[in-house]
Amino acid sequence: MNFSSLYSVLCGFVVLIGSAFWFGVEARTHNLPPLPQIEAIAAEIVGVVDPLDRVLETNPVSELEMDQVAHIAPELVQPGLVALLTLVSPREPMVRVINRDGDVVHEWRPTWDQIWNDEEGDFLRRPQIGIYAHGLHVLPDGSFVTNFEHYSTFRMSVCGDILWKLDNYGHHAVSEAPDGTLWVPAEEYRAIIPSEFIAHRPTLRSYLLQQIDLDGNILRSISLLKLIFENDLDGLLYLRSHTAGPVYAQGDTLHLNDIEIVPEGVASNTLEPGHLILSMRDINTIMAVDPKTEEVKWVHIGGFVRQHDPDVLMNGRISIYDNQSHLESGALTEPFSRILELDPETGARATIIGAQNEPKFYSRITGAHERLPNGNILVVAAQQGRLLEFTRNGQLVWRYDARLSARQNGRIFNAQVLPPHMDKAFFETAKRRCEQ
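Residues numbered from 1 in each chain as written. Predicted model: local features only at pLDDT ≥ 70, side-chain atom pairs only at ≥ 80, totals over all residues. Heavy atoms only, no water.

K.L.:
Hey, could you run me through the nonpolar core in this one?
P.N.:
Proteins that are soluble and globular tend to have nonpolar side chains buried together. Core analysis: the biggest nonpolar cluster contains 32 residues, and Val-97, Trp-108, Phe-144, Leu-418 and Phe-427 have the highest contact counts within it. Residue assignment for this core shows that the elements contributing at least two residues are strand 2 (82-89), strand 3 (92-98), strand 4 (104-108), helix 3 (112-115), strand 5 (133-138), strand 6 (144-148), strand 7 (152-156) and helix 5 (424-435). Formed by 28 residues, the second largest nonpolar core is a distinct cluster that contains Trp-183, Phe-229, Leu-254 and Ile-261. (Core = buried A, V, L, I, M, F, W, Y, C linked by side-chain atoms within 4.5 Å. Buried < 20%, exposed > 50% of the residue type's maximum accessible area, 1.4 Å probe, protein only. Helix = DSSP H or I, 4+ residues; strand = E, 2+ residues; numbered from the N terminus.)

If you want it as structure tokens, here you go:
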């Protein structure tokens with residue numbers, strides 16, 4: 001090859017590389033095909049080959065904490081059986097009712113193929129190993145409602161029969177309103193973005209606030225993106241933008257992980273009974289919404305890090321599970337999560353349970369808590385696979401580990417202390433009825 005030919009080849013190669021680079025910049029800036037399609041395919045592949053297995057593992061159990069149950073101050077424990085949603089293998093969900101000695105009183109093992117077959121439901125398919133349950137609410141008749149995470153909300157009877165199921169992409173939480181309806185975070189995947197969703201690109205997880213009756217009928221689906229746009233809070237949608245160029249949002253922009261209902265009789269000038277309290281993990285934000293008018297009534301940003309489970313107390317404060325996931329990347333050798341109380345009227349925050357209490361607990365993702373009738377706080381230390389009951393002043397009174405083996409717990413997603421009528425006799429009667 002002579003010099004002239006070699007020069008021509010090199011020039012052509014440089015032009016090709018330069019054109020490819022230019023197109024890459026333009027494709028990223030203006031979201032040109034085939035970039036969205038490639039990113040969508042990549043996201044699906046990641047969901048199949050790495051479906052959060054490592055993320056959902058728990059920390060090894062310390063040799064100093066080998067007892068599955070610890071009774072520290074039994075006289076201070078809130079009476080009642082405890083229902084919990086856990087994993088009994090790396091991917092097998094279980095809803096289990098235990099007494100305070102850790103004995104199993106009743107249990108369900110809902111599996112995906114038990115509830116959905118390959119011909120049913122409008123789902124983006126992936127292997128069953130990538131599907132786990134999240135969110136739990138046990139109803140007075142002994143049935144429960146939960147979600148196959150980002151897939152389906154369903155209700156199972158005390159006998160283990162499926163009462164109803166929805167292909168609604170429900171996830172994270174189930175909360176009952178005073179009117180007996182349920183509120184569940186749901187979503188819809190957007191391959192084509194409506195024009196009113198400014199600066200959003202496919203594929204987009206568009207979150208919904210979904211109201212469902214106890215018969216499984218979807219009564220309302222409120223678009224969270226639309227709600228934020230219409231309340232002139234556009235800035236919340238672009239908090240995760242990392243570019244100095246044109247701002248856009250894509251994928252899991254908000255991560256709605258809870259919808260709670262403000263109870264009747266709450267003492268507050270800011271929150272009203274029936275308002276919905278929303279938790280958006282990825283923008284460290286909670287807000288109050290009037291579901292009747294779809295007006296945002298109150299917003300708090302940044303008083304916590306990747307929070308979960310905001311619950312409104314009768315004194316008007318909001319109790320929050322503050323994951324503090326950033327501490328794992330900082331200088332602390334032992335990161336910790338905490339339970340906060342936030343005054344929505346003043347913005348004042350107080351740590352109720354945190355680093356000052358033993359044992360400390362930490363969850364990078366997931367986690368929940370329940371304020372109990374006697375004032376205690378039941379903490380779901382998800383990453384430890386552990387339940388911890390503290391008094392209001394931070395004294396540990398009871399601990400339970402969801403054992404998978406002598407050195408490993410199964411992650412606990414949710415827990416609920418059951419009302420007095422749901423005792424051991426209640427479930428024994430239910431079992432006999434189921435066997436008839």
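K.L.:
Explain unusual backbone geometry here, please?
P.N.:
Leaving glycine out, the prevailing phi sign among residues is negative, and the prevailing peptide bond configuration is trans. Look at the link from Glu-358 to Pro-359: it is a cis peptide, with omega at -5°. Inspection of the secondary structure assignment puts Pro-359 in the loop between strand 21 (349-353) and strand 22 (368-371). Although it is not a glycine, Tyr-169 adopts a positive phi angle of roughly 55°. Along the polypeptide, Tyr-169 turns up in the loop between strand 8 (162-166) and strand 9 (175-176). The buried category is assigned to Tyr-169, whose relative accessible area is 11%. In this structure, His-255 takes a positive phi of about 55° despite not being glycine. Within the fold, His-255 resides in the loop between strand 13 (249-251) and strand 14 (256-261).

K.L.:
Any chance you could explain the pairing of strand 22 here in plain terms?
P.N.:
Sheet analysis places strand 22 next to strand 23 (residues 377-381), joined by four bridges and oriented antiparallel. By the bridge assignment for strand 23, Ala-368 is matched with Val-380. Hairpin remark: strand 22 followed by strand 23, antiparallel, with five residues in the connecting loop; positive phi at Gly-375, about 95°. (Pairing = 2+ DSSP bridges.)

K.L.:
What am I meant to see in the side chain of Glu-149 here?
P.N.:
Structurally, Glu-149 is set in the loop between strand 6 and strand 7. Although Glu-149 is buried, it forms no salt bridge, and the closest oppositely charged side chain is Arg-205 at an N-O distance of 6.9 Å. Only 2.9 Å separates the side chain of Glu-149 from the side chain of His-134, close enough to count as a polar contact. Those residues in contact with Glu-149 that lie beyond four places of it in its chain are Tyr-132, Ala-133, His-134, Gly-170, His-171 and His-172. (Lys, Arg positive; Asp, Glu negative; His and termini not counted. Salt bridge = Lys/Arg side-chain N within 4 Å of Asp/Glu carboxyl O. Polar contact = N/O pair within 3.5 Å; in protein donor to acceptor, adjacent residues only side chain to side chain. Contact = heavy atoms within 4.5 Å.)

K.L.:
Explain the sheet that holds strand 20 (residues 338-342) to me, please; I cannot follow it from the model alone.
P.N.:
Picture the strands of a sheet paired through backbone hydrogen bonds; they go either parallel or antiparallel. Spatial ordering of the open sheet is given by 18-19-20-21, a layout of four strands whose pairing is antiparallel. Of all the strands in the sheet, just strand 18 (308-312) and strand 21 have a single pairing partner and so form its edges. Strand-to-strand twist across the sheet, computed as the mean angle between neighbouring axes with direction ignored, equals 25°. As judged from the three bridges shared by strand 18 and strand 19 (residues 318-322), these two strands associate in the antiparallel manner. Looking at the pairing, His-308 lines up with Tyr-321 of strand 19. (Axes fitted to C-alpha atoms, helices over the stretch in contact; angles between N-to-C directions.)

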